[in-house]
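# Summary of the model geometry
Each chain, letter by letter, is given below.
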Number of protein chains: 4
Amino acid sequence: MAQLEFEAATTRGWRAECHRIIFGHSRRDERLFDVALIVLILFSVLFAMFDSVAQYDRDWGQWLRAAEWGATILFTIEYLVRLAVVRHPWRYARSFFGVIDLLAVLPTYLSLLFVGAQHLIVIRVLRILRVFRILKLSQYVGEASVLLEALYHSRRKVLVFVISVISLATIFGAIMYLVEGPENGFTSIPRGVYWAIVTMATVGFGDIVPKTGLGQAITTVIIIIGYGIIAVPTGIFTAAMVSGRRRGKSISCIRCGLEEHADDARFCRRCGDRLVQASTAPEE
Amino acid sequence: MAQLEFEAATTRGWRAECHRIIFGHSRRDERLFDVALIVLILFSVLFAMFDSVAQYDRDWGQWLRAAEWGATILFTIEYLVRLAVVRHPWRYARSFFGVIDLLAVLPTYLSLLFVGAQHLIVIRVLRILRVFRILKLSQYVGEASVLLEALYHSRRKVLVFVISVISLATIFGAIMYLVEGPENGFTSIPRGVYWAIVTMATVGFGDIVPKTGLGQAITTVIIIIGYGIIAVPTGIFTAAMVSGRRRGKSISCIRCGLEEHADDARFCRRCGDRLVQASTAPEE
Amino acid sequence: MAQLEFEAATTRGWRAECHRIIFGHSRRDERLFDVALIVLILFSVLFAMFDSVAQYDRDWGQWLRAAEWGATILFTIEYLVRLAVVRHPWRYARSFFGVIDLLAVLPTYLSLLFVGAQHLIVIRVLRILRVFRILKLSQYVGEASVLLEALYHSRRKVLVFVISVISLATIFGAIMYLVEGPENGFTSIPRGVYWAIVTMATVGFGDIVPKTGLGQAITTVIIIIGYGIIAVPTGIFTAAMVSGRRRGKSISCIRCGLEEHADDARFCRRCGDRLVQASTAPEE
Amino acid sequence: MAQLEFEAATTRGWRAECHRIIFGHSRRDERLFDVALIVLILFSVLFAMFDSVAQYDRDWGQWLRAAEWGATILFTIEYLVRLAVVRHPWRYARSFFGVIDLLAVLPTYLSLLFVGAQHLIVIRVLRILRVFRILKLSQYVGEASVLLEALYHSRRKVLVFVISVISLATIFGAIMYLVEGPENGFTSIPRGVYWAIVTMATVGFGDIVPKTGLGQAITTVIIIIGYGIIAVPTGIFTAAMVSGRRRGKSISCIRCGLEEHADDARFCRRCGDRLVQASTAPEE
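Residues numbered from 1 in each chain as written. Chains lettered and ligands numbered in written order. Predicted model: local features only at pLDDT ≥ 70, side-chain atom pairs only at ≥ 80, totals over all residues. Heavy atoms only, no water.

### Some points on the overall build of chain A
The test is simple: Runs of H or I in DSSP of at least four residues are treated as helices and runs of E of at least two as strands, each being numbered from the N terminus. For every residue, the accessible area obtained with a 1.4 Å probe (protein chains only) is divided by the maximum for its type, and the residue is called buried under 20%, exposed over 50%, and partly exposed between those limits. What makes two residues a contact is simply this: any of their non-hydrogen atoms within 4.5 Å. Using the Shrake-Rupley algorithm and a 1.4 Å probe, accessible areas are obtained, with residue cover drawn only from the displayed protein chains.
Looking only at helices and strands, chain A has eleven helices and zero strands in total. The buried share of chain A, taken over its 284 residues, is 46%. For chain A, the proportion of contacts with a sequence separation of at least 24, taken over those separated by at least 6, is 53%. For chain A, the accessible surface area stands at approximately 14700 Å², while carbon and sulfur atoms represent 65% of it.

Structure follows, in structure tokens:
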């Protein structure tokens, strides 16, 4: 029993140590692991990209695929260790980064089951999803939450905006299909809608362009409307950002606990109690 | 007379029930109707778009037109029921969505009167206006009003901006017509204006491009000016959005006179006095 | 002498009447004059644009030139009347709109002196400057001043921004000239700078594009930098607009006359005197 | 010894005089030096640009190179004088503008050591770095610091943003490589990533465009996502600008504790008490 206790302690010690190294970001060895992981991810993605270039594939194809398998095995071990050391493995597996960690290793194994040139290319593209690992950087940087929060607060406005843009593009695409016609590249309404989106977003590939005078006049109108439309997401996001910054002083009312008071607030706006200035500085 | 009263009650019951299902958006059957309507509209628009693709029209043209007629008949019934159950049918018919509801069914019927390939295509494009129905989503989402209000408050600035852009584009189009000339694609001033709009709005199709050194130098100047111009609608809209958020509840504290309280404020944040809700709506 | 006095009165009456009609914008006949003027300007510009289209010039060239002369004579009379009825004719002649009014009629007269196809085209493009008259609309709309003031307050930031963009474009243009070389369209550094401006401003004509792998990699970097750069004028302008709106409450201190107080100010920030709330509403 | 003292005074006088002329920007001769320097830099850069145009190089190549050497010698003298008159020459040499001053003269001397057409072109492009001198203008204009500060405060958000954009571009590039394939121009994943960046940033060269229906549908989705993404840097920068303006003077009123006074405030706007200037600089 003493031995069992000792083992448990060791296991806990081993698991705790791993947990600290993998999930911690402050000590020397923890930061070393983070940097090594990011470097490995970056090289793995770069190799996958080089592998798609015909010339590199011909010359170093074997080495690139070996590196691919090496990275995959390392990521698999890391994934299993993560599952082993977290308190709630199932909760981690279903979390955002848990799913990404799994997706980052699956494509290489799937390439064994589904042979054939066509399918291999499909898997190769899924493989690139490993780049999502890099997004983990966001948790280091810590500012991503401000951006995501601003996006989250604007989600309904964004939905209305996207629906309006697609509706407008559909109407303009149909009008241009009618005006320009198949002989000028507008071979169908879906193609016209594609052109309208490309034009309104000011991308303007130039693969389809209006050739008739009327078509060019309508295009001018579409562009001026698109001018205004491009202002909308910027306005939504900027207002959310500015509003997020203004929320400012992180005082919480002692009586009712309300947070987010104005910068010059001296009384809680909900219960009327006097606010006591926090002594700690904002941690930005 | 009892029977008549009974009938009236039934009718009122039938009309009230329909009104509730069509115009309500909270209960289970009301939401079911909304979702069914949106799905039907989406499919109807998609079918109209597919119908314009030569290949699909050849293979499934008959089915697509049958679906088209089915959707039109359903929308017509829906329109008539709406007219029947609202208290002021004429007011509804003249309202924004009343006109759109009518426009959404008319094109298919018009295609019976005006035969001929040319005209049919015209009607097909009007038919796509049915997509405006989707805009009804905005009334569900409820955030559209914020966007529209911001646009409405900026309407005069937008007008000044659009006139300035068109004036600038006219002058630059004429200059480029002079500098580059018809041999480099600038065949007329209107075409030069079209190019100037495409360039200033940063669309840049590339169908017309400056070829001479002087023309490219002027283009550089136009683009830098356009750089500044694209900032204007964004600035207008963002300022309107930020200002709209800040306006908040226009209550002024009775004791200290502080204005601009948060939307959920019940006590003045400066003097702690209870805020008394103003009964009047904001008059701006 | 009585007659002379009568004449003077008549003259003054005639001049005052004309001044009222031309410079006023409130009564029925004043507004009629404004609308007639705008319509005439619009048609005159449209005719000048149509005149440049080869087909229209061939078919209706004579009529377009006749209309051109008609408009020019009307504008000349209007210009002379304006000079006659204003109190300080010389000050008007040197004012912004005075110069534009003169420039709007000069080109047609100049086309008499400088004959020859080449020169006529030059004059034709100056003729389009008449479109500046439309900018007079701004004085009706009245919101242009807000936009111009926001631009004016940002003039130094805009200068720094433009110099930075041109410097960056010069460096990137030179790098791309080196990397891609004349065989890929980058025939000289000025052409490379033109390409860099077109790319950084997200216009992207596509007349010159990177073909080598290294060139495309550098282009990606340029575009990401350009991504950030396009945010700068918008940020400058929006901040100026928001700040302009915030300045808000137009109270002037009774003691020291300082204007532009914060919305919640109760004491003058310069002399400490209590501010007295103005009874008039903001006139927006 | 008296002579030595006299010499020291003279030297100090000569050095102080030079220092005043070179680093001062207020008196007549100081401003004359600044303007002469800027004009010389501008012409030098223009000559380097003209030298790259084949036609100008053939006609005036010798003169352009002579002017190049003249400018280089003048800049070298200026650099040495700067080193001689500043109190800490080594600190100046390592400063931002010290390094730029050196980089502005080095390329011409390097062109002596590394002969050969290939290398000469490399040096020529380095030579254009002299344009950085123009950035010195920023220290005259003085508003650059506001822009740079706004960028500096947003540096972490910008990093998160750039990483997100590159990640998205990698995934979309791979998907398009799969969907469109080498036969439609997407010859490799890196090329697909290049296309995705060009598209998401709304540049849209049009050298690579989707040809299949599925590819165009995915492009539409990418563009709509890019629509939102272009709002992010603008939002970040604008919020930093607005916040920078609002921050103002960080004085808090001693009596009522109100913070955020205007830059020229001498009395608290809430209680009218005199503000006491804080001696400490803002610590953020």
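### Considering helix α2 (residues 28–52) of chain D
Applied cut-off: Take the number of residues in a helix, subtract one, and multiply by 1.5 Å to get its expected span.
For α2(D), spanning 25 residues, the distance from its first C-alpha to its last is 37 Å, which sits close to the expected 36 Å at 1.5 Å a residue. When α2(D) is considered as a whole, its buried residues turn out to be E30(D), D34(D), L37(D), I41(D), S44(D), V45(D), A48(D), M49(D), D51(D) and S52(D).

### Observations regarding helix α3 (residues 54–85) of chain C
Operational definition: What we call the bend at a residue is the angle made by axes fitted to the seven residues finishing there and the seven residues starting there.
When the local axis directions of α3(C) are compared, the greatest deviation, roughly 85°, occurs at W60(C). Within the span of α3(C), buried status applies to G61(C), L64(C), E68(C), A71(C), T72(C), F75(C), T76(C), E78(C), Y79(C), R82(C) and V85(C).

### Details of the confidence of the model for chain A
Residue and element names in this part refer to chain A. For clarity, the cut-off: For every residue, the predictor reports its confidence as pLDDT, a number between 0 and 100.
Here chain A averages 72 in pLDDT, while 66% of its residues score no lower than 70. Averaged pLDDT values for the elements of chain A fall to 42 in helix α6 (residues 117–127) and rise to 90 in helix α10 (residues 189–200). In this model, residues 116–141 is a region of pLDDT below 50 whose contacts with residues beyond four sequence positions or in other chains number 71 contacts. Across the interfaces of the predicted complex, the ipTM metric reaches 0.72, alongside a pTM of 0.76.

### Remarks on the environment of E68(A)
Mapped onto the secondary structure, E68(A) falls in helix α3 (residues 54–85). Residue E68(A) is classed as buried on the basis of its relative accessible area of 3%.

### Quick notes on the packing of aromatic side chains
All names here are of chain B. Operational definition: Aromatic contacts are taken between Phe, Tyr and Trp rings whose centres are within 6.5 Å, Trp giving its six-membered ring; a plane angle under 30 degrees counts as stacked, one over 60 as edge-to-face, and the others as tilted.
Per the counting criterion, the structure on display carries 16 aromatic pairs over all chains. Both rings, one in Y79 and one in Y92, keep their centres 6.3 Å apart while their planes meet at 40°; by these two values the pair is tilted. You can see Y79 sitting in helix α3 (residues 54–85) and its partner Y92 sitting in helix α4 (residues 89–94), a full 13 residues away along the chain. For Y92, a relative accessible area of 10% puts it in the buried group.

### A word on unusual backbone geometry
Its identity as a non-glycine residue notwithstanding, T202(B) has a phi of 60°, on the positive side. Counting through the fold element by element, T202(B) comes out in the loop between α11 (189–200) and α12 (213–247).

### Things to note about a nonpolar patch on the surface
Residues and elements named next belong to chain A. Stated formally: Like charges within 9 Å and nonpolar side chains (Val, Leu, Ile, Met, Phe, Trp, Tyr) within 5 Å are joined into patches, using only residues over 30% in relative accessible area that form no salt bridge. Salt bridge, as applied in this entry: a Lys or Arg side-chain nitrogen positioned within 4 Å of an Asp or Glu carboxyl oxygen.
A cluster of nonpolar side chains, namely V99, L102, L103 and L106, defines an oily patch on the protein surface of about 280 Å² accessible area. Counting through the fold element by element, V99 comes out in helix α5 (residues 96–113). According to the relative accessible area criterion, V99 is partly exposed, its value standing at 38%.

### A look at the side chain of T234(B)
Residue placement: T234(B) occurs in helix α12. The buried category is assigned to T234(B), whose relative accessible area is 4%. Once residues within four sequence positions are removed from consideration, T234(B) is found in contact with A231(A), T234(A), T234(C) and T238(C).

### Describing the pattern of salt bridges
Residue and element names in this part refer to chain B. All told, the structure shown has 15 salt bridges over all chains when counted by the stated rule. Where E17 meets R20, a salt bridge forms, and the shortest distance between an N and an O atom there is 2.8 Å. Taken together, the residues span about one helical turn, with E17 and R20 both in helix α1 (residues 2–23) at a distance of three residues. A relative accessible area of 39% means that E17 is categorised as partly exposed.

### Notes on the packing of α10(A) against helix α2 (residues 28–52) of chain B
Each packed pair of helices is defined by two parameters, the angle between the axes and the distance between the axes. What counts, and what does not: Helix axes are fitted to C-alpha atoms over the stretch in contact, other axes to C-alpha atoms as well, and angles between N-to-C directions run from 0 to 180 degrees. Orientation categories follow fixed angle ranges, with anything under 35 degrees roughly parallel, anything over 145 roughly antiparallel, 65 to 115 roughly perpendicular, and all other angles oblique. The nonpolar class holds Ala, Val, Leu, Ile, Met, Phe, Trp, Tyr, Cys and Pro. Asp, Glu, Lys and Arg form the charged class, and all remaining residues, Gly among them, are polar.
It is the contact of α10(A) with α2(B), at a shortest axis distance of 7 Å, that shows an interaxial angle of 105°. For the element pair α10(A) / α2(B), the angle class is roughly perpendicular. Side by side, α10(A) and α2(B) meet where I189(A), P190(A) and V193(A) of the first sit next to A48(B), M49(B) and S52(B) of the second. Its residues assigned to classes, the contact of α10(A) with α2(B) comprises five nonpolar, one polar and no charged.

### So, the packing of α2(D) against helix α3 (residues 54–85) of chain D
Residue and element names in this part refer to chain D. Let me state the cut-off plainly: Each crossing is labelled by how the near helix is turned from the far one, with a counterclockwise turn of less than a right angle marking it left-handed and a clockwise turn marking it right-handed.
Running from N to C, α2 and α3 cross one another at 145°; their axes reach a closest spacing of 8 Å. The chirality of how α2 crosses α3 is left-handed. On α3, the residues that touch F33, L37, L40, I41, S44, F47, A48, F50, D51 and S52 of α2 are A54, Y56, D57, L64, R65, A67, E68, A71, L74, F75, E78 and R82.

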